[in-house]
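In case you want the letters, here they are:
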Amino acid sequence: MADALVAVVVVLLVLGASTAALGLACATTAGVRAVRRFVRPAPRVRLHRVVPTPLRYVWITCDSPRCGHLQTQHYPAGPGWVSCHGCSTIRPRP
């Protein structure tokens, strides 16, 4: 019976020591990360970014079956060419 009691005490001491070591490792890691963030902060991420739309576009009937031959917005895609907003088909400017 005394041997079982000694074994339980040893197991509890080993578990306690491993828990303390793990806690110390976690605290050290958290401290290093906090110092790193303070010294070199992460760049800010813009969540709501406003993308300006081109001012010049024309409403042209798209020849693509994907757009259903409807009039869609066509943006400039180079000199004399326009690109469909719906299907990205590039065609000559009318």
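Figured I'd write up the structure that's included with this text. The structure displayed is predicted, hence computed values, not measured ones.

The rules we used
Residues numbered from 1 in each chain as written. Predicted model: local features only at pLDDT ≥ 70, side-chain atom pairs only at ≥ 80, totals over all residues. Heavy atoms only, no water. Patch = residues over 30% accessible without salt bridge, like charges linked within 9 Å, V, L, I, M, F, W, Y side chains within 5 Å. Areas by Shrake-Rupley, 256 points an atom, 1.4 Å probe, with all protein chains shown as cover. Salt bridge = Lys/Arg side-chain N within 4 Å of Asp/Glu carboxyl O. Helix = DSSP H or I, 4+ residues; strand = E, 2+ residues; numbered from the N terminus. Buried < 20%, exposed > 50% of the residue type's maximum accessible area, 1.4 Å probe, protein only. Contact = heavy atoms within 4.5 Å. Phe/Tyr/Trp six-rings, centres within 6.5 Å; stacked < 30°, edge-to-face > 60°.

Let's shift gears to a nonpolar patch on the surface. Side chains of Val8, Val11, Leu12 and Leu15 sit close together on the surface and give an oily, nonpolar patch of about 370 Å² of accessible area. Structurally, the position occupied by leucine 12 is in helix H1 (residues 2–39). Residue leucine 12 is classed as exposed on the basis of its relative accessible area, which comes to 54%.

Further remarks concern the side chain of serine 83. In this structure, serine 83 sits in strand S3 (residues 81–84). What makes serine 83 buried here is its relative accessible area of 17%. In this structure serine 83 touches Gln73, His74, Tyr75, Ala77, Ser88, Thr89 and Ile90, once residues within four positions along its chain are discounted.

On to the packing of aromatic side chains, then. Enumeration according to the criterion identifies two aromatic pairs in this entry. Considering the side-chain rings of tyrosine 57 and tyrosine 75, the 5.6 Å spacing of their centres and the 55 degrees angle between planes classify their relative orientation as tilted. Here tyrosine 75 lies in strand S2 (residues 71–76) and tyrosine 57 lies in the loop between H1 and strand S1 (58–61), a separation of 18 residues in the sequence. On the accessibility criterion, tyrosine 75 (16% relative accessible area) is buried.

Tracing the backbone through its elements, the reader meets serine 88 in the loop between S3 and strand S4 (90–92). Taking the C-alpha atoms as reference points, serine 88 and histidine 74, separated by 14 residues in sequence, lie 8.7 Å from one another.

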